[in-house]
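Single-letter residue listing:
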Amino acid sequence: MCGHSQIQMTLADMNGLFVEPERAELSTETAIVSAAVSLGADTVAGWSRAESKLAKAASPVPKRLLEDLRQHIHAGEDPLGEAFCRIRRPSQRRQQGATFTPQKIVDAMVNWSAEFDHASRVVDPGVGSGRYLVSAGRRFPRAELIGVEIDPLPAILARANLAVAGLARRSQIILNDYRSVVLQNSKKTLFLGNPPYVRHHLLDTGWKKWLIDEAAKLGHSASQLAGLHVHFFLATVARAQKGDFGAFITAAEWLDVNYGSLVRDLFLAELGGRRIVVIEPSAMPFPDAATTAAITFFQIGAQPKSIKLKRVESLDELEKSNGNRTVRRERLAAERRWSHLTRIGRKGPEGFVELGELCRVHRGQVTGFNKVWIAGPHSAALPENVLFPSVTKARELIRAGPILSDASVLRRVIDLPLDLDEFDARERNAVDRFLAEAKSLGAHLGYVATNRKAWWSVGLRDPAPILATYMARRPPAFVRNKAQARHINIAHGIYPREPLSAITLTSLVEFLSRSVCVTEGRTYAGGLTKFEPREMERLLVPSLELLTKA
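Chemist: Quick question: what am I supposed to make of helix 5 (residues 79-87) here?
Modeler: Residues three or four positions apart in an α-helix share a direction because the helix packs 3.6 residues into each turn. Along helix 5, eight of the nine residues are buried, which leaves the element largely enclosed by surrounding structure. Residues of helix 5 that are buried include every one of Pro79, Leu80, Gly81, Glu82, Ala83, Phe84, Cys85 and Ile87, and no others.

Here it is, written out as structure tokens:
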């Protein structure tokens, strides 16, 4: 991203190199190229024809200007990149996703990477003006430095910055699309940078097909709505070896949106995700746009049991040790959206964890038409094996107390299989008569029914070991489900992430029943309090060790 260094005199000098007003824009770009070449850009390996073409227009540059630029670069600034950001408007740079990262973020990412492991090679897939490579080159004094860039102008600027920093001999800039680049096998590689953010509607259909095909080879699905940064995550998996590691900063949208699911899948699988740091828009991680950013840390092939998450509101908080929270890998795997997990909940006593660390919480299935799908005289002839005792009213759980042990007091929900050919002739006749009655009532026309795989199959969840009410003018009722009852959407099912003993389940229910207050839910007008599944997962409970001892 383009920041704001104190280089006004440098820019004035650049603009002063050319005096023809009608060529002001061209002259300014040419002036930057002239300065970059004079600073040694062509001494970095990989010099391309496109860069040579730009360099042909280079003119002599005053020595005082070159010395001024060198001083800024040695001080850790990027005057050439700053000038590029001023010349190319944000709307122009967005076409190729050229968003240069603020130096504080660059340094934090490099420092974290250095603490994690040592790199013998650093690869920046969208090098821009070289901020990451220069910082990494200083931190890893023997590492080979490779930058990939599709635009020849910033590629020349990256070369100049590397040359001035004394890193030219171990550096290479490749002018190409990262998805097309072939990297030779090497010792441990650090993949580092800010993959270009380009919206899907600007991407070629051929590359969209590439994304889908390459993801399928790994057993993942991908969406053609995915932006270019998603492509770069996948390309990195293809180029990396086990043990390689990396840190990318991107827009944070992949944490939640459907077309970001590929990144989430890769994070938990091939990428070996270890840590995510979310930066609030107030910190301006992308000065051209008020957007939330996410820094993703990974080690290829790793399968850590837990992931570190952090959310910061200013860049000064990046390298502070506080604010981290740990989430079990299984919890991320069970979630479709991740950003809410980066928010720190209230702190509990020592040894306490969020309920979501131990269990998944799922709302019960929506039938779409209770009058039809809850058994009654209209379904009397149906086979018993499609009638499931279920909790259909919240008061059934409140009345049950701590344990629901008798399913005979419950109504039954009709849940037919997707394949009706499973029934014998007698059963199928009964099912067909029921479905005809259901159709006459319009059960097949509702939104829920038309969006199911088969309109007649409700799809009840498996029995949950613990059931809970979630909307009332009182705290939720938590109940051990010894009756193995199903539940519809008037209740939440609490499913342990790993099998728990009867004693542990009882201890958990007892704790929740006496500890959860209405203030922990979402209260609406009239005093009605609601606990969404994710809100219930944020409830603090004793760890498994404490529950077992209880």
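After that view of the structure, there is still more to cover.
Chemist: Is there a simple way to explain the pattern of salt bridges in this structure?
Modeler: When the charged atoms of two side chains lie near each other, side chains of opposite charge can form a pair. One pass over the full model with this rule turns up 23 salt bridges. A salt bridge links aspartate 316 to lysine 104; the nearest nitrogen and oxygen atoms lie 2.4 Å apart. Of this pair, aspartate 316 sits in the loop between strand 8 (306-312) and strand 9 (325-328) while lysine 104 sits in helix 7 (residues 103-116); the two residues are 212 residues apart in sequence, bridging distant segments of the chain. Here the salt bridges share partners, and the residues they tie into one network are Arg325, Arg331, Glu335, Glu354, Glu357, Arg534, Glu537 and Arg538.

Chemist: How should I be thinking about the sheet that holds strand 2 (residues 144-149) in this particular structure?
Modeler: Sheet strands pair via backbone hydrogen bonds, and the direction of the pair is either parallel or antiparallel. With mixed pairing, nine strands are arranged side by side in an open sheet as 3-2-1-4-5-7-6-8-9. Each having just a single partner strand, strand 3 (171-175) and strand 9 make up the two edges of the open sheet. Neighbour-to-neighbour, the strand axes of the sheet open up by a mean angle of 20 degrees, direction not taken into account. Pairing geometry for strand 5 (residues 245-251) and strand 7 (residues 293-299), over seven bridges, is antiparallel. Its bridge partner lying in strand 7, threonine 250 is registered against alanine 294. Here helix 11 (residues 228-239) sits on the sheet and contacts strand 4 (189-193), strand 5 and strand 7; the angle it forms with strand 5, its principal contact strand, is near 170 degrees. Helix-sheet contacts for helix 12 (residues 261-268) involve strand 6 (273-279), strand 7 and strand 8, and the interaxial angle to strand 6 is about 135 degrees.

Chemist: I tried to follow the packing of helix 7 against helix 8 (residues 131-139) on my own but got confused; where do I start?
Modeler: Describing two packed helices takes the angle between their axes plus the distance from one axis to the other. As a packed pair, helix 7 and helix 8 sit with axes 10 Å apart at the nearest point and diverge in direction by 40 degrees. In terms of axis orientation, helix 7 runs oblique to helix 8. As for the relative orientation of helix 7 and helix 8, their crossing is right-handed in sense. For the pair formed by helix 7 and helix 8, the contact residues are Gln103, Ile105, Val106, Asp107, Met109, Val110, Asn111 and Ala114 on the first element and Arg131, Tyr132, Ser135, Ala136 and Arg139 on the second. Across the contact of helix 7 with helix 8, the residue classes break down as seven nonpolar, three polar and three charged.

Chemist: Please clarify how the packing of aromatic side chains should be interpreted in this entry.
Modeler: We describe a pair of aromatic rings using the distance from one ring centre to the other and the angle between the two ring planes. Within the structure shown, the criterion is met by 14 aromatic pairs. Relative to tryptophan 210, the ring of tryptophan 207 has its centre 5.5 Å away and its plane inclined at 80 degrees; by these criteria the two rings are edge-to-face. Here the residue tryptophan 207 and the residue tryptophan 210 both occupy positions in helix 10 (residues 205-217), the gap between them amounting to three residues, near one helical turn. Judged by its relative accessible area of 24%, tryptophan 207 is partly exposed. The interplanar angle of 65 degrees and the centroid separation of 5.5 Å between the aromatic rings of phenylalanine 248 and phenylalanine 298 together place this pair among those described as edge-to-face. Residue phenylalanine 248 is located in strand 5, and its partner phenylalanine 298 is located in strand 7; the two are separated by 50 residues in the primary sequence. On the accessibility criterion, phenylalanine 248 (0% relative accessible area) is buried. By the ring-pair criterion, three or more aromatic residues cluster together here, those being Phe233, Phe248, Trp254, Phe267, Phe298 and Trp338. Above the plane of the ring of tryptophan 207 lies arginine 179, whose end atom (NZ or CZ) is 3.8 Å from the centre. One cation-aromatic arrangement involves arginine 275 over tryptophan 112; the distance from NZ or CZ to the ring centre is 4.5 Å.

The rules behind the values
- Residues numbered from 1 in each chain as written.
- Predicted model: local features only at pLDDT ≥ 70, side-chain atom pairs only at ≥ 80, totals over all residues.
- Heavy atoms only, no water.
- Buried < 20%, exposed > 50% of the residue type's maximum accessible area, 1.4 Å probe, protein only.
- Helix = DSSP H or I, 4+ residues; strand = E, 2+ residues; numbered from the N terminus.
- Salt bridge = Lys/Arg side-chain N within 4 Å of Asp/Glu carboxyl O.
- Pairing = 2+ DSSP bridges.
- Axes fitted to C-alpha atoms, helices over the stretch in contact; angles between N-to-C directions.
- Contact = heavy atoms within 4.5 Å.
- Parallel < 35°, antiparallel > 145°, perpendicular 65-115°, else oblique.
- Left-handed = near helix turned anticlockwise from the far one by under 90°.
- Nonpolar A, V, L, I, M, F, W, Y, C, P; charged D, E, K, R; others polar.
- Phe/Tyr/Trp six-rings, centres within 6.5 Å; stacked < 30°, edge-to-face > 60°.
- Lys NZ or Arg CZ within 6 Å of the ring centre and 35° of its normal.

Function cannot be read off these values alone, since they describe shape.
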